[in-house]
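# Per-entry structural report
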Amino acid sequence: QCVAVCPTGALMELDQVDKVWKALNDPTRYVVVETAPAVRVALGEGFGLEPGTIVTGKMVAALRRLGFDRVFDTEFGADVTIMEEATELIHRIEHGGRLPILTSCCPAWVKFFEHQFPDLLDIPSTCKSPHQMLGVLSKSYYAETYGIDPQKITVVSIMPCIAKKYEAARPELGQDPVTPDVDIVITTRELSRMLREAGIHFDHLKEEDFDHPLGESTGAAVVFGTTGGVIEAALRTAYEWLTGKPLENVEFEPLRGMDGIKEAVIPIGKRDFRIAVTHGLGNARTILEKIQSGESHYDAIEIMACPGGCIGGGGQPYHHGNLEILEARANAIYQEDRSKPLRKSHENPAVLKLYRDYIGEPYGEKAHRLLHTSFTKRPKI
Ligand code: SF4
């Protein structure tokens, strides 16, 4: 099977729409769909809406019209990712682990460092990416809670990303005997096409909500969709866990914006956290070479392959490098964050219930089994 991994969409993606139709038309399958944060601020462009139009509620309604049994939100997985990644960061600090910690939710970036920086394989976070976490939780926690045979569940991810198709096919991202975590990945553009094929009048739809419990999310999960968002979400939680004090201003301005490399020193309690954020693999290489040479010292770095992060992903409606389109999508992400009643991942009540009833401690034994992964040294290309 040939799977395109080009992060920017310069190569055409493997079309998996037929596989989704087949699953939806199979009455023996229980078909769950999840959608990434960046999709909801770009999908409308496929129906003539302005870039940055937020279509979350219409998108959920449209997915129900297509026939999905449950409409979940990758943002639930993003909140779980922060529970794990913030704990991992604190664990490394308290136990003398290697820093900086690198975010690892971008599969194009993961593939890049496996080939190009095999000596740094122990510094990325071992967290699976949010859609993989949502997939495995659908087939474990959700299946067990609601008495559904996990072998009958098909998980479909709607992603802004072409590399996520490759990621879902990685053999380590699955559970025996129910593999893989995510069965099918389609892009924002493929979803637009499906909705047109089904004759759904997108602009006429009334807004609907995601299904519970894997549809609950906070503002911290929304900002995953744009550059700087993952590290900002992690800091919102790490700050409160490390200081025991409420974080009043959750918006970390120095980490936002379209500069290729952003740096900030964030004081948390008695320690200054040195943070870097990059997007684009050329910028990532610059940062990592400085780490290798001992020239730079950071505590945490977010790296995303696409310009602007996932809002500029290769599976999104084409933006042709237009900065105005990317900024409109980023502004929509921040608007969605501000509209949420809860803006810190560790306050998501459905996530707290997941840990209380099923996972146990973040970064514990069960969390590692379900929510963490490993990386592979690959030949330099
Ligand atoms: Fe995919 Fe986002 Fe990475 Fe681009 S930045 S390759 S869209 S995960």
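Below you will find a few notes about this structure. What you are looking at is a predicted structure, and each value in this text was computed from that prediction instead of being measured.

Here the focus is the overall build of the protein. The secondary structure content of the protein amounts to 13 helices and 8 strands. What you see for the protein is a C-alpha radius of gyration of 19 Å, in line with the 21 Å of a compact globule of 381 residues. Along the longest, intermediate and shortest principal axes, the C-alpha atoms of the protein span 55 × 45 × 45 Å. Looking at the protein as a whole, 62% of its 381 residues qualify as buried. Within the protein, contacts between residues at least 6 apart in sequence are counted, and of these 77% link residues at least 24 apart. Approximately 15000 Å² of the protein is accessible, and the part contributed by carbon and sulfur atoms is 52%. Charge centroids of the protein, computed over 42 positive and 53 negative side chains, lie 2 Å from each other.

What follows concerns the pairing of strand E5 (residues 184-187). In E5, alternate side chains face the same way, and those of Ile 184 and Ile 186 on one face and Val 185 and Thr 187 on the other are all buried. Pairing of strand E4 (residues 153-159) with E5 involves 4 bridges; the strand directions are parallel. Each residue of the ladder has a partner; that of Met 159, found in E5, is Thr 187. Taken together, E4, helix H6 (residues 163-168) and E5 constitute a β-α-β crossover, and its handedness is right-handed.

The next thing to look at is the packing of helix H3 (residues 74-94) against helix H9 (residues 229-243). One can describe the packing of H3 onto H9 by two numbers: an axis separation of 9 Å at closest approach and a directional angle of 60 degrees. It follows that H3 is oblique to H9 by the angle criterion. In the crossing of H3 with H9, the sense of the turn from one axis to the other is right-handed. Contact residues: H3 offers Ile 82, Met 83, Glu 85, Ala 86, Thr 87, Leu 89 and Ile 90, while H9 offers Val 230, Ala 233, Ala 234, Thr 237, Ala 238, Trp 241 and Leu 242. Here the contact of H3 with H9 is composed, by residue class, of 11 nonpolar, 2 polar and 1 charged.

This next bit is on the site of the ligand. The immediate surroundings of the ligand are formed by 13 residues, with Cys 106, Cys 161, Cys 306, Cys 310 and Gly 313 found nearest. When grouped by side-chain class, the residues that make up the shell around the ligand number 10 nonpolar, 2 polar and 1 charged.

Scanning the entire structure with this criterion turns up 31 salt bridges. For Glu 88, the salt bridge identified is with Arg 92, shortest N-O distance 3.4 Å. Of this pair, Glu 88 and Arg 92 both sit in helix H3, separated by 4 residues, roughly a single helical turn. Glu 114 is the partner of Arg 170 in a salt bridge, and the nearest nitrogen-oxygen pair spans 2.7 Å. On the criterion of sequence distance, the pair formed by Arg 170 in the loop between H6 and E5 and Glu 114 in helix H4 (residues 107-116) is long-range, its members being 56 residues apart. Across the pair, Glu 114 and Arg 170 agree in class, each one buried. One salt-bridge network, held together by shared partners, links Glu 232, Arg 236, Glu 251, Glu 253, Arg 256, Asp 337 and Arg 343.

To continue, consider unusual backbone geometry. Residues Leu 99 and Pro 100 are joined by a peptide bond in cis, for which omega reads 5 degrees. Tracing the sequence through the fold places Pro 100 in the loop between H3 and strand E3 (101-102). Of note, the amide linkage connecting His 212 to Pro 213 takes the cis form, showing an omega dihedral of -5 degrees. Inspection of the secondary structure assignment puts Pro 213 in the loop between helix H7 (188-197) and helix H8 (219-222). Non-glycine residue His 320 carries a positive phi angle of around 50 degrees.

Before going further, it helps to examine the packing of aromatic side chains. Enumeration over the complete set of coordinates arrives at 9 aromatic pairs. Summarising the aromatic geometry, the rings of Phe 72 and Tyr 142 are spaced 5.0 Å apart at their centres and angled 75 degrees between planes, so their arrangement reads as edge-to-face. Note that Phe 72 is positioned in strand E2 (residues 70-73) and Tyr 142 in helix H5 (residues 130-146), a separation of 70 residues in sequence. Looking at Phe 72, the relative accessible area reads 0%, which means it is buried. Judged by its relative accessible area of 2%, Tyr 142 falls in the buried class. Geometrically, the ring pair formed by Trp 109 and Phe 113 is edge-to-face, given 5.0 Å between the ring centres and 65 degrees between the ring planes. Of this pair, Trp 109 and Phe 113 both sit in helix H4, 4 residues apart, which is roughly one turn of the helix. Members of the aromatic cluster, joined through ring pairs, are Trp 109, Phe 112, Phe 113, Phe 117 and Phe 375. The ring centre of Tyr 334 lies 3.8 Å from the NZ or CZ of Arg 256, which sits over that ring.

To continue, consider the sheet that holds strand E7 (residues 271-279). The strand order across the open sheet built from 4 strands is E3-E8-E7-E6, with neighbouring strands paired in mixed fashion. The outermost strands of the open sheet, each flanked by one partner alone, are E3 and strand E6 (261-268). As defined by bridge partners, E6 adjoins E7 across 8 bridges and the pair is classed as antiparallel. For Ile 261, the partnering residue across the bridge sits in E7 and is Thr 278.

Thresholds applied
- Residues numbered from 1 in each chain as written.
- Predicted model: local features only at pLDDT ≥ 70, side-chain atom pairs only at ≥ 80, totals over all residues.
- Heavy atoms only, no water.
- Helix = DSSP H or I, 4+ residues; strand = E, 2+ residues; numbered from the N terminus.
- Rg over C-alpha atoms; globule rule 2.2 N^0.38 Å.
- Buried < 20%, exposed > 50% of the residue type's maximum accessible area, 1.4 Å probe, protein only.
- Contact = heavy atoms within 4.5 Å.
- Areas by Shrake-Rupley, 256 points an atom, 1.4 Å probe, with all protein chains shown as cover.
- Lys, Arg positive; Asp, Glu negative; His and termini not counted.
- Charge placed at Lys NZ, Arg CZ, Asp CG, Glu CD.
- Pairing = 2+ DSSP bridges.
- Right-handed = clockwise from strand over helix to strand, strands pointing away.
- Axes fitted to C-alpha atoms, helices over the stretch in contact; angles between N-to-C directions.
- Parallel < 35°, antiparallel > 145°, perpendicular 65-115°, else oblique.
- Left-handed = near helix turned anticlockwise from the far one by under 90°.
- Nonpolar A, V, L, I, M, F, W, Y, C, P; charged D, E, K, R; others polar.
- Near = heavy atom within 4 Å.
- Salt bridge = Lys/Arg side-chain N within 4 Å of Asp/Glu carboxyl O.
- Phe/Tyr/Trp six-rings, centres within 6.5 Å; stacked < 30°, edge-to-face > 60°.
- Lys NZ or Arg CZ within 6 Å of the ring centre and 35° of its normal.

Spatial relationships are all this shows, so hold off on functional conclusions.
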